[in-house]
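# Topology and contacts: notes
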Protein chains: 2
Amino acid sequence: MTVEALALPGLPEVRPGDDLGELLAEAAGRLEGGLRPTDVLVVAHKVVSKAEGRVRPLAAVEPGARARELGDANGKDPRLVQVILDESAEVLRADRGRLICVTHHGFVCANAGVDASNAGEREMVTLLPRDPDASARALRARLGAAVVITDSFGRAWRVGQCEIAIGCAGLAPLEDWRGRADAAGRELVATHIAIADEAAAAADLVRAKDSREPAIRLRGLARHVLDDDGPGAAALLRALDEDLFR
Amino acid sequence: MTVEALALPGLPEVRPGDDLGELLAEAAGRLEGGLRPTDVLVVAHKVVSKAEGRVRPLAAVEPGARARELGDANGKDPRLVQVILDESAEVLRADRGRLICVTHHGFVCANAGVDASNAGEREMVTLLPRDPDASARALRARLGAAVVITDSFGRAWRVGQCEIAIGCAGLAPLEDWRGRADAAGRELVATHIAIADEAAAAADLVRAKDSREPAIRLRGLARHVLDDDGPGAAALLRALDEDLFR
């Protein structure tokens, strides 16, 4: 079995209101082999967020008391902190410049996914898409291939960030081997593989962060591709009462 | 840029004392295109552990008082719990059958990496290699390619497991974009990418858990391949005083 990851060439800078599906379809058309129904297109969320207008100019943000306090304590622009608070259901930890938040979607990540880099213009910040699974479904409908929308998340206990799936359509987000047998016939107890997150990570390997390559075609994952949208990346959120680390 | 992941064919069942480097070299020789110095060979730790004799028969384990207590409280075989405690520096959480441990290496994972599946014979459990970075260095010296040794770890807050790097030689485990500029010239603040973990995840996508495909060749990561062993996967361990989630 082989899996191949390839960046879509020549995608322009994306702006609010752009038809991202159209831009991606054009770019995929320029790729040798095009885009097949069994391919997975992995898209960095920033272009999705921008196309959907999920950006905010810091100049228009009036920080409240809590944002000013958290900003002062953590060496962060209070306007940026206000945007982070607006995107958060809960702040889990605030420590030495790091704000670990639960977003309204239920993602646990730094700064509630609010990103001050790559936002296109200075003083603009990019938010996560409002409903990344819905964004993935819309792109899948337009492109006729599975779609994963990603962001870089830090991890508890490990240094560095990995790209993970925040939205997903047409790809099974999890492969469940629990209760099934391994090569020796022994039951696999706890093997429940986060396929969509591994796909996000694989795609990130072909990308340099200073390049404009937000979209990567993964070929070779046909066994995980679905006939419908599937449960989406929401299936990857651990339920609060199952969570040992909040 | 393109990255390709391909499973090494025909690796036999590995047993304690086997020369894993030799077995991998033979299998790589049967692969079209062989193994190049810029390739990354991603190896599931179980075959490394088995070759190194890092297996224990449960029948020979005498559980102590704490193992019996934790076993009773969590519905686990107290002998297995004793092995887990032997591999742990600290138990972070014990809840509903889940033991989240800090291993002697510093990894935070379920059951201290002790695995009761795929161990070759019933009632044998597999431990993590004693020094996975050293194991990776030895394999790199034999194979002449970068080596990543992996395990499946669960994640705080997210459902399912991802393959991550527990040992690494010849591959830069992290790519540091902090202080560098993105495509728009804006400084990237917190982009520190866990390349070795993303490589582990990418390799896992070509593997079915019921197959015997512990070794995957990744081609296309030359820009992350080093002239020496590099810092290893130890560089991916977050220092205790930087950790917000213990």
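For the structure itself, consult the block above.
The paragraphs below set out a description of the structure included in this document. Keep in mind that this is a model prediction, so the values were computed, not measured. (Residues numbered from 1 in each chain as written. Chains lettered and ligands numbered in written order. Predicted model: local features only at pLDDT ≥ 70, side-chain atom pairs only at ≥ 80, totals over all residues. Heavy atoms only, no water.)

## Here's the deal with helix α4 (residues 78-86) of chain A
Residues and elements named next belong to chain A. Buried residues of α4: Leu80, Val81, Gln82, Val83, Ile84 and Leu85, and no others. Among the structural elements, β3 (55-57), α3 (65-74), β4 (88-95), β5 (98-103) and β7 (124-126) are those in contact with the buried residues of α4. Its side-chain oxygen at 2.8 Å from the backbone nitrogen of Arg79, Asp77 defines the N-terminal cap of α4. (Buried < 20%, exposed > 50% of the residue type's maximum accessible area, 1.4 Å probe, protein only. Helix = DSSP H or I, 4+ residues; strand = E, 2+ residues; numbered from the N terminus. Contact = heavy atoms within 4.5 Å. Polar contact = N/O pair within 3.5 Å; in protein donor to acceptor, adjacent residues only side chain to side chain.)

## A word on the relation of the copies chain B and chain A
When chain B is fitted to chain A, the residual RMSD is 0.0 Å, and the transformation amounts to a turn of 180° plus an axial shift of 0.0 Å. Put plainly, the chains are arranged around a two-fold axis. (Least-squares fit on C-alpha atoms with pLDDT ≥ 70 in both.)

## Describing the sheet that holds β4 of chain A
Residue and element names in this part refer to chain A. Here three strands make up an open sheet; going across it, the order is β4-β5-β6 and the pairing antiparallel. Single-partner strands in this sheet number two, and they are β4 and β6 (108-110). Strand-to-strand twist of the sheet, defined as the mean angle between neighbouring strand axes without regard to direction, takes the value 25°. Judged from the six bridges that link them, β4 and β5 form a sheet pairing that is antiparallel. Across the sheet, residue Glu90 finds its bridge partner in β5, namely Val102. (Pairing = 2+ DSSP bridges. Axes fitted to C-alpha atoms, helices over the stretch in contact; angles between N-to-C directions.)

## A look at the nonpolar core
If you look at the biggest cluster of nonpolar residues, it comprises 60 residues, and the most contacted ones within it are Val40, Leu171 and Leu218 of chain A together with Val40, Leu171 and Leu218 of chain B. If sequence neighbours within four positions are ignored, Val40 of chain A has contacts with Ala146, Val148, Leu171, Ile216, Arg217, Leu218, Leu221 and Val225 of chain A. (Core = buried A, V, L, I, M, F, W, Y, C linked by side-chain atoms within 4.5 Å.)

## Considerations on the pattern of salt bridges
Pairing is possible between side chains of opposite charge, provided their charged atoms come close. Residues and elements named next belong to chain B. Across all of its chains, the model carries 37 salt bridges over all chains by this definition. With a shortest N-O distance of 2.5 Å, Arg142 and Glu22 are connected by a salt bridge. One end of the pair, Arg142, is in helix α5 (residues 132-143); the other, Glu22, is in helix α1 (residues 20-29), with 120 residues separating them in the sequence. Given the relative accessible area of 38%, Arg142 is considered partly exposed. (Salt bridge = Lys/Arg side-chain N within 4 Å of Asp/Glu carboxyl O.)

## Description of the interface of chain B and chain A
Counting residues at the interface gives 75 residues for chain B, matched by 75 residues for chain A. Interface area for chain B against chain A, summed over the two sides, is near 7,100 Å², with a carbon-plus-sulfur share of 53%. Here chain B and chain A share seven salt bridges between them. A salt bridge links Asp197 of chain B to Arg158 of chain A, with the shortest nitrogen-to-oxygen separation between them at 2.8 Å. For the pair chain B and chain A, the number of links is 34 residue pairs in polar contact (both at pLDDT 80 or more). Elements represented by at least two residues in the side of chain B that touches chain A include exactly β1 (2-7), β4 (88-95), β5 (98-103), β9 (158-169), β11 (192-193) and α6 (195-204) of chain B. With eight residues, the top contributor of residues to the side of chain B that touches chain A is β9 of chain B. A breakdown of the residues in the side of chain B that touches chain A according to their chemical character gives 38 nonpolar, ten polar and 27 charged. Summarising the sheet, strand β1 (residues 2-7) of chain A and β1 of chain B pair through five bridges and their orientation is antiparallel. Bridge pairing links Val3 of chain A to Ala5 of chain B in β1 of chain B. (Buried area = accessible area lost by both parts, 1.4 Å probe. Nonpolar A, V, L, I, M, F, W, Y, C, P; charged D, E, K, R; others polar.)

## Things to note about the sheet that holds β5 of chain B
Sheet strands pair by backbone hydrogen bonding; their relative direction is either parallel or antiparallel. Residue and element names in this part refer to chain B. Taken together, the three strands give an open sheet; going across it, the order is β4-β5-β6, and neighbouring strands pair in antiparallel fashion. A strand with exactly one partner marks an edge of an open sheet, and here the two such strands are β4 and β6 (108-110). Across the sheet, the mean angle separating the axes of adjacent strands is 25° when strand polarity is ignored. Helix-sheet contacts for helix α4 (residues 78-87) involve β4 and β5, and the interaxial angle to β4 is about 130°.

None of this, on its own, says anything about what the molecule does.
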